[in-house]
Structures are given as structure tokens and as C-alpha cells.
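Here is how the chains run, residue by residue.
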Amino acid sequence: MRPILLQGHERSITQIKYNREGDLLFSVAKDPIVNVWYSVNGERLGTYNGHTGAVWCVDVDWDTRNVLTGSADNTCRLWDCETGKQLAVVETSSAVRTCGFDFSGNIIMFSTDKQMGYHCYVSFFDLRDPTQISDNDPYMKISCPESKVTSAVWGPLGEFVNAGHENGEMKQYSAKSGELLKTVKEHSKQVNDLQTSQDMTMVITACKDNTAKLFDSVSLDHVKTFRTERPVNSAALSPILDHVVLGGGQEAMDVTTTSTRIGKFEARFFHLAFEEEFGRVKGHFGPINSLAFHPDGKSYSSGGEDGYVRIHYFDPQYFEFEFES
């Protein structure tokens, strides 16, 4: 399984995301550049230029028309995917940590950090009403004063948002009324990443407490736990098989003190039902910060602290593999 190495960032990768068809891969890092690549051969299609700080998050709508990015320069920006033209800028009072399009691509959600005396907020804008963006007036703003949102994803049909918090809680907020629908606390430390399954029935968390956990995305019932011995930065669910891939490693600041082997910078594959690890893929020279499965399930990508994105196409043996419990 030879990876395709994508070198388009000078700093560590913060998030990678495929579009719905999987022909494009978007990557953002702690530099101001947003890159888009052809996933089939790793060729760079282009960049979205305009941010002036680290870019924390990226999302693309269902028909690959618009791209949304959130940055530490206190803006959330909307881009035309095809031309790279900037369509809108939403100014915020603190860094934008996580962002996402809803099911229809009409409503955007983003959360801002709790810093410089400002609370953490989750804001909702309807793109069909251009005055909301121009007046910087979201139709709804949810305050999260206790603990900041570190990652958030839309639930099925855009009815609510599931958010992971710094204190390990996961909360469900209604996208219509803004009320808090549910709270669960299965983690003891910060939730680093949330990702949904392709059919949006399940959500997987990646946490600093060395575990990834699978939840029902509507009821937030805790279903499975995947344990490692290092903090988990990202977890992704395979769209075709009962497989989970986890990525992480030590804290980035401790990395220089260890060799690559001890640092455990592999992507680790677990069986979804049996919670057993069955494979590892080495490669990055630093912790893996973001993982994504291709929508056809035949490849996956990882973005690391080393600033590289690696696309791995699975060998035929992977699909023939039978898990023996």
C-alpha cells in the first residue's frame, strides 16, 4: 500500500475533508492556505487564498459548490469551490474552531473559541438570506459559557448539531430553537474530533483520554469504545466495512524527545463490532491530526503534524480480510 504524499502546507495539518463524490480532497493547516487536491492521483487543483492566520476547519457542501473555512484570524469564509473566489466573510470576535454545512448546503454553522474575554458561541447563518452575512447577524447564536466547543457536526436532516466540548461532554443543540436537547459525558478529557458515518446514524468521537467512542447520533447512546495508549486526535468510520481508523500519538510538544517508533504515529484500524485492533499503517513523522475515509471506502487519507497529507489506497487483501474473533 504505497501512499500518495501531498506536500502543500508549511505547517501542521488541522483538518482534511473529502467532498461527497470523493474526487476532491480539501486540506487546511496552521498556515493561511486552503488546498484542494484530486484524490485519485494527488495532483493539486488549486488554493483558496485570503485567510491571514491558521485555518482550523474546512467543510464542503453536498454538491461541491461552496467551501467553508474557519480560521484563527477571527473569520469564517465562504468560497466558490470551482473558481476559488471568496463569496463571503463573517467576522467573529475570537478564532473559529469548527464549521459545517447542513444537509441542504443552505445553512452554515460554526463555533468560536472562548478567548480574550469572549464566550464560546455556536452561530447559525442561512445563506439564502444574504443580509445575515452582510450584517453579520446570525439567525441563531448559542452560548456555551462552561466549556468551549472543540468539534461539532450536523445531525441527520439538519435538525440538530452534536458538539464535543473541552471538558469531555457531548451536547446536542437544536438547529431550529437553539435549546440544549441532550448532554452525555463519556469522556474524561477534551474531545478532539467528531465524525459521522456516511448514513449519519452514528457519530464517533476522538478524545485526549486515549479512547474513541461510537454514539448513536440521535439518542447519543454510547455504543462502542476503542482504546489506545496515546491521545486520539481523529477517528473515521469506513462507509463500506465495519472498520474504524484512529490516528493520534503523543502531544505535539513532546514529539522531539522520542524516536518515530516509540511515538506511535501509525493509523490504527479497529473492527467496529468487536472493538479489536487488526492493523496499523505507519508513515507520518508526527502525530496524525486528521483522518478521512474516501466515500467509496477504497482509500483513506491522513493529515499529520509533519504538514503532509497521505492518501492510502487499500490493497485487495484488505477487502478480503475476514475478522476472526
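Everything that follows concerns the structure shown earlier in this document.
Just so it is clear, the model here is predicted, and its values are computed rather than measured. (Residues numbered from 1 in each chain as written. Predicted model: local features only at pLDDT ≥ 70, side-chain atom pairs only at ≥ 80, totals over all residues. Heavy atoms only, no water.)

## So, the packing of aromatic side chains
Okay, step 1: Evaluation of the coordinates by the stated rule reveals 18 aromatic pairs.
Okay, step 2: Relative to Phe 314, the ring of Tyr 300 lies with its centre 5.6 Å away and its plane at 25°, an arrangement referred to as stacked. Highlighted residues: Tyr 300 in strand E27 (residues 299–304) and Phe 314 in the loop between strand E28 (309–313) and helix H3 (316–320), separated in sequence by 14 residues. Accessibility assignment for this pair places Tyr 300 and Phe 314 in one class, buried.
Okay, step 3: Three or more aromatic residues joined by ring pairs form one cluster here, namely Phe 269, Phe 278, Phe 293, Tyr 300, Phe 314, Tyr 318, Phe 319 and Phe 321.
Okay, step 4: Across the ring face of Trp 56, the terminal group of Arg 97 is positioned such that the distance to the ring centre comes to 4.1 Å.
Okay, step 5: Above the plane of the ring of Tyr 121 lies Lys 141, whose end atom (NZ or CZ) is 4.6 Å from the centre. (Phe/Tyr/Trp six-rings, centres within 6.5 Å; stacked < 30°, edge-to-face > 60°. Helix = DSSP H or I, 4+ residues; strand = E, 2+ residues; numbered from the N terminus. Buried < 20%, exposed > 50% of the residue type's maximum accessible area, 1.4 Å probe, protein only. Lys NZ or Arg CZ within 6 Å of the ring centre and 35° of its normal.)

## Section: the environment of Asp 209
Okay, step 1: Within the secondary structure, Asp 209 sits in the loop between strand E19 (202–207) and strand E20 (211–216).
Okay, step 2: Residue classification places Asp 209 among the buried residues on the basis of a relative accessible area of 17%.
Okay, step 3: On a C-alpha basis, the gap between Asp 209 and Arg 230 in space is 8.0 Å, while along the polypeptide they are 21 residues apart.
Okay, step 4: Beyond its immediate stretch of four places on either side in the chain, Asp 209 contacts His 187, Ser 188 and Lys 189. (Contact = heavy atoms within 4.5 Å.)

## Describing a nonpolar patch on the surface
Okay, step 1: Among the surface-exposed residues, Tyr 38, Val 40 and Leu 45 lie close enough to one another that they form a single nonpolar patch of about 270 Å² accessible area.
Okay, step 2: Note on placement: Leu 45 falls in strand E5 (residues 44–48). (Patch = residues over 30% accessible without salt bridge, like charges linked within 9 Å, V, L, I, M, F, W, Y side chains within 5 Å. Areas by Shrake-Rupley, 256 points an atom, 1.4 Å probe, with all protein chains shown as cover. Salt bridge = Lys/Arg side-chain N within 4 Å of Asp/Glu carboxyl O.)

## Regarding the sheet that holds strand E7 (residues 66–71)
Okay, step 1: If you trace the four strands from one edge of the open sheet to the other, you get E6-E7-E8-E9, paired in antiparallel fashion. Bordering the open sheet on either side are strand E6 (55–60) and strand E9 (86–91), each of which pairs with just one other strand. Strand-to-strand, the axes of this sheet are offset by a mean angle of 15°, without reference to chain direction.
Okay, step 2: Looking at chain direction, E7 and strand E8 (residues 75–80) are connected through five bridges and run antiparallel. When the sheet's bridge partners are listed, Gly 70 is paired in E8 with Cys 76. (Pairing = 2+ DSSP bridges. Axes fitted to C-alpha atoms, helices over the stretch in contact; angles between N-to-C directions.)

## Description of the pairing of E8
Okay, step 1: For E8, the tally of buried residues reaches five of six residues, placing the bulk of the element in the interior.
Okay, step 2: With antiparallel pairing between neighbouring strands as the criterion, E7 and E8 make up a hairpin whose turn holds three residues, including Asn 74 at a positive phi of roughly 65°.
Okay, step 3: Judged from the five bridges that link them, E8 and E9 form a sheet pairing that is antiparallel. Bridge assignment links Trp 79 to a residue of E9, and that residue is Gln 86.
Okay, step 4: Here E8 folds back onto E9, and the loop between the two strands holds five residues, one of which, Gly 84, carries a positive phi near 80°.

## Considerations on the environment of Gly 307
Okay, step 1: When you line up the elements, Gly 307 lands in the loop between E27 and E28.
Okay, step 2: Taking the relative accessible area as the measure of exposure, Gly 307 reaches 2% and is therefore buried.
Okay, step 3: Apart from the residues lying within four places of it in its own chain, the contact partners of Gly 307 are Leu 6, His 9, Arg 11, Ser 12 and Ile 13.

## So, the pattern of salt bridges
Okay, step 1: Using the criterion set out here, one finds 13 salt bridges in the structure.
Okay, step 2: We note a salt bridge from Arg 65 to Asp 63, for which the minimum N-O separation is 3.0 Å.
Okay, step 3: According to the relative accessible area criterion, Asp 63 is partly exposed, its value standing at 26%.
Okay, step 4: Sharing partners across several salt bridges, the network here consists of Glu 229, Glu 266, Arg 268, Glu 277 and Arg 280.

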